[in-house]
Amino acid sequence: MRRIKVKVRHGYVVMVGRDLLKDCGKFIQTGDTRIKKIFLVSETNVAPLYLDKTRKSLEDAGFEVVEYIFEAGEKSKNLNEVAKMLGVLAENGFTRTDAVVALGGGVTTDMAGFAASIYLRGIKVYQIATTLLAQVDASVGGKTGVDLKEGKNLVGAFHQPSLVICDVDLLQSLSDEVFAEGMAEVIKYAFISDRDLYEKLKNKIDKNSPDLEDVVARCVELKAYVVEQDELDNGLRQTLNFGHTLGHAIERNSNFTVSHGFAVAKGMAMISRHSPIYNELVEMIKLYDLPYEDDSTFEDLLGGIMNDKKKRGSKITVVLVNEIGKAELKTIEPNELKGYL
Ligand SMILES: NC(=O)c1ccc[n+]([C@@H]2O[C@H](COP(=O)([O-])OP(=O)(O)OC[C@H]3O[C@@H](n4cnc5c(N)ncnc54)[C@H](O)[C@@H]3O)[C@@H](O)[C@H]2O)c1
Ligand SMILES: [Zn+2]
């Protein structure tokens, strides 16, 4: 098991390993003996698989557990659901020294983290990430939030977790598609910052690979480093947006029928078309059964990028990779984007 420290103002540890879930109660209890009640948040796909084990571990560690299960999926990531969660927290008399535990993918960690950030002006949140994407990205870094009907992630708060548990055994139950979506972010980390990781990924990693723990740990280290340098997301953290400017436009234009991971894979390939690393990138995207081509026109993409009216006329920052393991930021006029595609 690895313990990766995220050295921000309220620093915390990310544990990456196998068979960690059964000890989650002990890990939380050791870190803070004041907590009496735990608000355990999960959703309808994850709960049948892992809730009992989690609950037992928490109860064995002496916590009183109040469960909250919501309908799986991005459509639940909204203010109504958060309001319901806050109501249950209040009804059950949760205090400042109690805590929230999120058990799920990015939807769960974002929403439970946000509820924890605003209940009584902030109580602790512990993230047990159950998708590859949540382990390597969403659960680390302290961004929490929900969607509005006007757009994704428009409401939120920075609220660092007290501990993140990434038990890679939990990834075995992911569908191949959801696993591949997470791999798009893993490939991103390799190309923006780690040539060794790129070399490792050339031997296809799957849900059962012995290397999976290493790969998740490496991505967490890379994200932790970036977050430490740039906690409030102004500069360096933007390199994590490789493939995301075009990816978000593709997601939005498809009315979110194209998943985030698939859109990012396409976005990385499209922005790199004239880069010397293009062939290596596309080979890797294909190896992980991700798409790299999209039939959107330049106008479609620009429309998607600029669809937020406030952005109209403003410049955009793109992330470029010209050498595996090195990213650069470039601020351009929207029309200049055409030159890259
Ligand atoms: N806060 C951040 O920094 C950050 C970063 C990236 C993404 N996000 C957010 O994360 C969300 C996407 O995350 P996601 O892809 O994990 O979505 P998700 O939570 O919806 O999980 C994807 C699917 O996998 C299922 N699932 C989860 N764990 C499982 C398991 N162990 N076994 C079987 N099925 C399982 C879920 O029920 C769901 O159907 C988006 O809302 C995005 O905005 C946040
Ligand atoms: Zn992403």
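The residue numbers shown here count from 1 along each chain, following its written sequence. Think of it this way: whatever chain is written first is A, whatever ligand is written first is 1, and the rest follow in order. Totals for whole chains, interfaces and linings use all residues, but because this is a predicted model, local features are given only for residues with pLDDT of at least 70 and pairs of side-chain atoms are given and counted only at 80 or more. Based on all heavy atoms of the structure, the side-chain values leave hydrogens and waters out of the count.

Trainee: Quick question: what am I supposed to make of the overall build of the chain here?
Mentor: Helix numbers and strand numbers start at the N terminus; a helix is a DSSP run of H or I with at least 4 residues, a strand a run of E with at least 2. What the chain contains, in helices and strands, is 12 helices and 11 strands. Taking 20 Å as the expected radius of gyration for a compact globule of 341 residues, we find that the chain reaches 20 Å, a close match to that expectation. Here the chain holds 341 residues, and the buried ones make up 55% of them. Put simply, 73% of the contacts in the chain that link residues at least 6 apart link residues at least 24 apart. Residue burial considers only the protein chains on display, and all accessible areas are found by Shrake-Rupley using a 1.4 Å probe. Working note: accessible area of the chain is about 15,100 Å², and carbon and sulfur atoms make up 48% of it. Charge counting follows a simple rule: Lys and Arg are positive, Asp and Glu are negative, and His as well as the terminal groups are ignored. A charge is said to be at NZ when it belongs to Lys, at CZ for Arg, at CG for Asp and at CD for Glu. Distance between charge centroids for the chain: 5 Å, based on 44 positive and 50 negative side chains. The globule rule is 2.2 Å times the number of residues to the power 0.38, and the radius of gyration it is compared with is taken over C-alpha atoms. Note on classification: 1.4 Å probe, protein chains only; a residue is buried when its accessible area is under 20% of the maximum for its type, exposed when over 50%, partly exposed between these limits. Contacts are assigned to residue pairs with any non-hydrogen atoms lying within 4.5 Å of each other.

Trainee: Just to check I follow, could you spell out the sheet that holds strand β9 (residues 163–167) for this structure?
Mentor: Whether parallel or antiparallel, the strands of a sheet pair through hydrogen bonds between backbone atoms. Pairing within the open sheet is mixed, and its 7 strands lie in the order β1-β2-β9-β6-β5-β3-β4. The open sheet is flanked by β1 (2–6) and β4 (64–70), the only strands paired with a single partner. Each adjacent strand pair in this sheet contributes to an overall mean axis angle of 20 degrees, direction not counted. Sheet contacts for helix α2 (residues 47–60): β3 (37–43), β4, β5 (99–104) and β6 (124–129); angle to β3, the most-contacted strand, approximately 170 degrees. Structural elements are reduced to axes, namely lines fitted to C-alpha atoms, with helices fitted over the stretch in contact, and the angle between N-to-C directions of any two is expressed from 0 to 180 degrees. Helix-sheet contacts for helix α4 (residues 106–118) involve β3, β4, β5 and β6, and the interaxial angle to β5 is about 170 degrees. Any two strands between which DSSP finds at least two bridges are classified as paired.

Trainee: Just to check I follow, could you spell out the domain arrangement of the chain for this structure?
Mentor: A common way to express how large an interface is: the accessible area buried when the components associate. Domain borders in the structure are assigned automatically or taken from a domain database. By the assigned domains, the chain splits into domain 1 (2–173) and domain 2 (176–340). Centre-to-centre separation of domain 1 and domain 2, based on C-alpha positions: 26 Å. Contact with domain 1, which involves 27 residues of that partner, is made by 31 residues of domain 2. Buried area counts how much accessible surface, traced with a 1.4 Å probe, disappears from two parts once they are put together, with both parts' losses summed. Around 2,600 Å² of area is buried between domain 1 and domain 2 when both sides are counted, 61% of it from carbon and sulfur atoms. On the domain 1 side of the interface with domain 2, the three residues burying the most area are R2, L132 and V136, jointly 23% of the side's total. By definition, a salt bridge exists where a carboxyl oxygen of Asp or Glu is found within 4 Å of a side-chain nitrogen of Lys or Arg. The tally of links from domain 1 across to domain 2 stands at 3 salt bridges. With its nearest N and O atoms 3.5 Å apart, the salt bridge here joins E251 to K152.

Trainee: Before we go on, may I ask you to explain the site of ligand 1 in this structure?
Mentor: Residues are labelled near a given molecule or strand when at least one of their non-hydrogen atoms is within 4 Å of it. Near ligand 1 lie 24 residues; those nearest to it are E43, E74, T130, T131 and S173. Between ligand 1 and E74, the relevant distance is 2.6 Å, taken from an oxygen atom to a side-chain nitrogen or oxygen of the residue. Definition of a polar contact: a pair of N or O atoms within 3.5 Å, with one able to donate and the other able to accept a hydrogen when the atoms are protein atoms, and with sequence-neighbouring residues admitted only if both atoms are side-chain atoms. Note that an oxygen atom of ligand 1 is positioned 2.8 Å from one of the side-chain N or O atoms of K77. Considered on its own, ligand 1 offers 860 Å² of accessible surface; in the complex 84% of this is hidden by protein. Put simply, the parts of the chain that give the shell around ligand 1 at least two residues each are α2, α4 and α5 (132–138).

Trainee: Any chance you could explain the coordination of the zinc ion (ligand 2) here in plain terms?
Mentor: Metal coordination angles have textbook ideals: 109.5 degrees for a tetrahedral set of four donors and 90 or 180 degrees for an octahedral set of six. Coordination sphere of the zinc ion (ligand 2), protein contribution only: E185 (OE), H244 (NE2) and H260 (NE2), at 2.0 to 2.1 Å. Only nitrogen, oxygen and sulfur atoms qualify as donors, provided they sit within 2.8 Å of the metal or within 3.2 Å for Na, K and Ca; with water excluded from the atoms, sites may seem incomplete. Mapping the donors of the zinc ion (ligand 2) onto the primary sequence gives the spacing E-x58-H-x15-H. Of this pair, E185 sits in helix α6 (residues 176–193) while H260 sits in helix α10 (residues 260–271); the two residues are 75 residues apart in sequence, bridging distant segments of the chain.

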